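Listed below are the residues making up each chain.
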Amino acid sequence: MKARVMTASTPSPSSRERPALPLRRPRHHLIALLVSAVVMGGCASFSPDGGFAPVEQTARDRLNKEVKWARSDADRDAIDHRVGALLSKPLTVDDAVQVALLNNRGLQASFQELGITEAEVVQAGRLSNPGFSFGRSSKGDEREIERGLHFNLARLLAMPLIGPMEARRFAQIQGMVATNVLSLAAETRKAYYNALAGEQTVRYMRQVKQAADASNELARRMEQVGNFNKLQRAREQVFFADASLNLARAEQAQRATRERLTRLLGAWGAQSQFVLPDRLPDLPQAALDLPDIERVAMSQRLDVQGARLAAEQTARNLGLTKTTRFVNVLELGVMRNSSNEAPTQRGWEIGFELPLFDWGGARVARAEAVYMQTVHRAAETAINARSEVREAYTAYRSAYDIARYQRDEVIPLNQRIAEENVLRYNGMLIGVFELLADARSQIASVNGAIQALRDFWIAQADLDMALIGKPSLSAAAGPAVKAEAAGPGH
């Protein structure tokens, strides 16, 4: 729907050089309409921080970490300086998370979603530029000049609804970006513990390989002097081969897990030479006790909040669609025509489109279907969130119990057996190969303890993420009814 203000005048032959007659003052309601359009269009502006404050607040409240949006070379230099300081010392898990939040380029790319969406929000809050038309025609001695002013009246009428709708969409994007921050923190923690366990396993497997080398060399010499038969020699060679293969597998796993951590840290060049501690952190004295974990998850999961916001936004979009279903059927104009051969004509005109083929029902039906889609998705998100948090908590408790059992039962028992065998070896009750055979049985228990401790810390990271929500579900809306639906041609 467009409002038009038009004038037409035809000067007499004797007054062709005189300036055209001025436009008659538009009616009061058109003046008010234009003033409100200017005021409302001027209200749409960019925020000082680009909408980044809620993301920073989320990182501080939930992670006790800082995030920075690199929007200039100075910001990038400050980030590089901070990252360099953190990577110059053995990397703790908290420092790894901080480096990832500052240095990960994928996260920085997601921050640009705020700038993109805010630009769209500001654009939606501004009216289209008004148009001016000028025409000159002649018929014999008659000259006619026509001037026209037109603007998008439909856009103006829909702006009180479009503004809040776009603001809700911007809040939804902020929630999605905040979830990306928390998700990256959780993934970095998991990658850190995997990389640390990989390095610890490699160090242990190298010790096993050294023992296997010594055992294999001793067996070779004893076979040469006739104190070892071929069966005993073959058994020692099998142990040596297994130790070599296990070391190769451990080294490959260590390289893969370290590279995974390197990617999440956004490290390259000299930054990728970071140093990790020698071993995994110790198991906590007690596991977390969360009897009301479902209620906690429902109150703070960002994907649940995002799904609820999406449903509310779509419901309001549906109201906008119903309000503007006939927005294209009205056209308003004011006219003033003058001629040197006839009295001046003044008046107004209104044009109607006859809704014979399109009553707007299809748009309303689509909006209703989209709304029901978001309602079902919001319900699915809540149901899945409850299940995911229960699963994550049971996995966490199981991982804790397994790691504690390895620490308190399995390792001490194997250590006691090793001490007893050393006493028997010193008392010449068993030989060196019996002592080595017992040491081999301890390999599985030590590797099991390392893996159990790693699995616990990964399970805790998964539990933290389950209490936050998945970024893929934080914007659970379907194809939303866009603000442009209120404009002409829809």
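Computed from a predicted model, the values in this text were never measured in an experiment.

About the cut-offs
- Residues numbered from 1 in each chain as written.
- Predicted model: local features only at pLDDT ≥ 70, side-chain atom pairs only at ≥ 80, totals over all residues.
- Heavy atoms only, no water.
- Helix = DSSP H or I, 4+ residues; strand = E, 2+ residues; numbered from the N terminus.
- Expected span 1.5 Å × (residues − 1).
- Buried < 20%, exposed > 50% of the residue type's maximum accessible area, 1.4 Å probe, protein only.
- Polar contact = N/O pair within 3.5 Å; in protein donor to acceptor, adjacent residues only side chain to side chain.
- pLDDT = per-residue confidence, 0-100.
- Contact = heavy atoms within 4.5 Å.
- Salt bridge = Lys/Arg side-chain N within 4 Å of Asp/Glu carboxyl O.

A.B. asks: Explanation requested: helix 5 (residues 105–124) in the structure shown.
C.D. replies: Because the α-helix completes a turn every 3.6 residues, residues three or four places apart line up on one side. Taking 1.5 Å of rise per residue, the 20 residues of helix 5 would be expected to cover 28 Å, and the 29 Å separating its terminal C-alpha atoms lies within 8% of that figure. Buried residues of helix 5: Leu107, Gln108, Ser110, Phe111, Leu114, Thr117, Glu118, Val121, Val122 and Ala124, and no others. Of the residues flanking the start of helix 5, the one acting as N-cap is Asn104, its side-chain oxygen 3.0 Å from the backbone nitrogen of Gly106.

A.B. asks: Teacher, can you tell me more about the confidence of the model for the protein chain here?
C.D. replies: It should be kept in mind that the predicted coordinates are not to be read in detail where pLDDT is low. Model confidence for the protein chain is summarised by a mean pLDDT of 77, while 74% of its residues fall at 70 or above. Here strand 1 (residues 2–9) stands out as the least confident element of the protein chain, with mean pLDDT 45; helix 4 (residues 93–103) is the most confident, with 95. Segment residues 326–332 is flagged for pLDDT under 50; beyond a separation of four residues in sequence, or across chains, it makes 32 contacts in the model.

A.B. asks: So what exactly am I meant to see when it comes to the pattern of salt bridges here?
C.D. replies: Oppositely charged side chains are able to pair whenever their charged atoms sit close together. The full count for this structure, using the stated rule, is 23 salt bridges. Across the salt bridge formed by Asp80 and Arg76, the nearest N and O atoms sit 3.3 Å from each other. Here Asp80 and its partner Arg76 are both found in helix 3 (residues 73–87), 4 residues apart, which amounts to about one turn of the helix. With a relative accessible area of 33%, Asp80 lands in the partly exposed category. Arg76 sits in the buried class, given a relative accessible area of 14%. In this structure, the salt-bridge partner of Asp213 is Lys209, at a minimum N-O distance of 3.2 Å. Residue Asp213 and its partner Lys209 are located together in helix 6 (residues 153–224), separated by 4 residues, close to a single helical turn. For Asp213, a relative accessible area of 30% translates into the label partly exposed. When its relative accessible area of 19% is taken as the criterion, Lys209 is described as buried.

A.B. asks: Explain the side chain of Arg258 to me, please; I cannot follow it from the model alone.
C.D. replies: By secondary structure assignment, the location of Arg258 is in helix 7 (residues 230–265). Given a relative accessible area of 17%, Arg258 falls into the buried group. Only 3.2 Å separates the side chain of Arg258 from the side chain of Glu199, close enough to count as a polar contact. Every residue in contact with Arg258, bar those within four places of it in the chain, is listed here: Ala195, Glu199, Ser272, Gln273, Phe274 and Leu276.

A.B. asks: I keep staring at unusual backbone geometry and nothing clicks. Help me out?
C.D. replies: If a residue is not glycine, its phi is most likely negative; likewise, a peptide bond is most likely trans. Phi at Asn64 is positive, roughly 55°, even though this residue is not glycine. With respect to the element layout, Asn64 can be found in the loop between helix 2 (53–63) and helix 3.

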